[in-house]
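# A structural walkthrough
Below, each chain spelled out in residue letters.
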Amino acid sequence: METYHVPVMLDESIELLDIRPGGTYVDVTFGGGGHSRGILERLSDGGRLFAFDQDRDARRNLPDDPRLVFVESNFRFMRGWLRCHGVERVDGILADLGVSSHHFDTRERGFSFRFDAPLDMRMNQRAALTAADHAALTRILRDYGELDVPHRAAACIVRSREQHPLRTIDELVACVAPVTPRGAESKFLSKLFQALRIEVNGEMDALEMMLEQALRVLRPGGRLVV
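What counts and how
Residues numbered from 1 in each chain as written. Predicted model: local features only at pLDDT ≥ 70, side-chain atom pairs only at ≥ 80, totals over all residues. Heavy atoms only, no water. Phe/Tyr/Trp six-rings, centres within 6.5 Å; stacked < 30°, edge-to-face > 60°. Helix = DSSP H or I, 4+ residues; strand = E, 2+ residues; numbered from the N terminus. Buried < 20%, exposed > 50% of the residue type's maximum accessible area, 1.4 Å probe, protein only. Pairing = 2+ DSSP bridges. Axes fitted to C-alpha atoms, helices over the stretch in contact; angles between N-to-C directions. Contact = heavy atoms within 4.5 Å.

## What about the packing of aromatic side chains?
For the coordinates displayed, the defined rule picks out one aromatic pair. Taken together, a centroid distance of 5.6 Å and an interplanar angle of 70° make the contact between F30 and F70 edge-to-face. Placement of the pair is F30 in the loop between β1 (24-27) and α2 (34-40) and F70 in strand β3 (residues 68-71), with a sequence separation of 40 residues. For the residue pair F30 and F70, the accessibility class agrees, reading buried in each case.

Right, here's the structure in full:
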């Protein structure tokens, strides 16, 4: 297992799942496998865990455990994959939303403005859309980044793209420099990168689909922990 992500609310999350030893559970954000390992520790031989992650890198963290079924897919397809495995109902679903330290620390993934790298940000590296390909920037920066001046940041990006495509992180950071507040650069850029990452990965649509499916997949009395 590589250093990928350490869940900071592991005990609380597992406690809230109220795990039945022989139950069936879903970890829709496997990542480094911290939550999955916590669930497996509380399952008997008859228990089952389905772990989802669209990032191929997550496979490196899989424990050798016959009770675990790994699904390399976005959690928006949770119900369909469970039905493929003959599962209609589960006892609990866990979702640790956001991005892992692995993504921020891996330069070539393009999630962090700490490094220059291709402007990527895809959780699923087989997907076509990257952060260099956007329309409706003002809406994205307003809704997903909560920037105070989304229209000004969007205008900077549009003007720069008229001259040449924005393909690297340093190019993006430079193009929004005129509207980046002095002394609050990190906060501003964090919001900007968050907005682009959410859009690139379709995170809000995926979350809505997963939550709707959770209502149909959970047994009466089952737990959803987010």
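## Some details on the sheet that holds strand β2 (residues 48-52)
Read from one edge to the other, the open sheet built from five strands follows the order β3-β2-β1-β4-β5, with strand pairing classed as parallel. Each edge of the sheet is formed by a strand with only one pairing partner; in this case those strands are β3 and β5 (218-225). Strand after strand, the sheet turns through a mean of 15° between neighbouring axes, direction not considered. Here β1 runs beside strand β4 (residues 90-94); their pairing, made up of three bridges, is parallel. Within β4, the residue paired with Y25 across the bridge is G92. Contacting β4 and β5, helix α9 (residues 203-217) runs over the sheet at an angle of about 145° to β5.

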